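Spelled out, the chains give:
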Amino acid sequence: MKLIIEGMSCNHCKMRVEKALSSIEGVKKARVDLDDGSAVVESSVELDREFLREVIDEAGYVLKEIED
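Residues numbered from 1 in each chain as written. Predicted model: local features only at pLDDT ≥ 70, side-chain atom pairs only at ≥ 80, totals over all residues. Heavy atoms only, no water.

It is worth spelling out the nonpolar core at this point. Ranked by size, the top nonpolar core spans 21 residues in total, and within it Leu3, Ile5, Val17, Leu21, Leu52 and Tyr61 carry the most contacts. Residue assignment for this core shows that the elements contributing at least two residues are β1 (2-6), α1 (11-22), β2 (27-33), β3 (38-43), α2 (49-59) and β4 (62-67). Aside from chain neighbours lying at most four places away, what touches Val17 is Ile5, Met8, Val32, Ile56 and Tyr61. (Core = buried A, V, L, I, M, F, W, Y, C linked by side-chain atoms within 4.5 Å. Buried < 20%, exposed > 50% of the residue type's maximum accessible area, 1.4 Å probe, protein only. Helix = DSSP H or I, 4+ residues; strand = E, 2+ residues; numbered from the N terminus. Contact = heavy atoms within 4.5 Å.)

Written as structure tokens, this is what we have:
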């Protein structure tokens, strides 16, 4: 699944978002691409979209869109 995230601009942002997403139970891998402002998440379970929004918000960013 691909998350479009607003507000990431540096490697610190990248690491913060990857850490936040990786902390979610069932997430196998989270990789942020600063160039297009997205994160790709691989998980072994179905992830709750509202929970993803909350995790990104708590990290200090805005989840704009979720692509399957």
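The structure having been displayed, the exposition proceeds.
In this section: a negative patch on the surface. A surface patch of negative charge is lined by Glu46, Asp48, Glu54, Asp57 and Glu58. Its location among the elements puts Glu54 in helix α2. Take Glu54: its relative accessible area is 38%, and that puts it in the partly exposed class. (Patch = residues over 30% accessible without salt bridge, like charges linked within 9 Å, V, L, I, M, F, W, Y side chains within 5 Å. Areas by Shrake-Rupley, 256 points an atom, 1.4 Å probe, with all protein chains shown as cover. Salt bridge = Lys/Arg side-chain N within 4 Å of Asp/Glu carboxyl O. Lys, Arg positive; Asp, Glu negative; His and termini not counted. Charge placed at Lys NZ, Arg CZ, Asp CG, Glu CD.)

What follows covers the state of the cysteines. A complete count under the given rule lists zero disulfides for this structure. Summary of cysteine pairing: Cys10 is not part of a disulfide, and the nearest cysteine sulfur, belonging to Cys13, is at 3.5 Å. Look at Cys13 and you get buried, because its relative accessible area is 7%. (Disulfide = S-S within 2.5 Å.)

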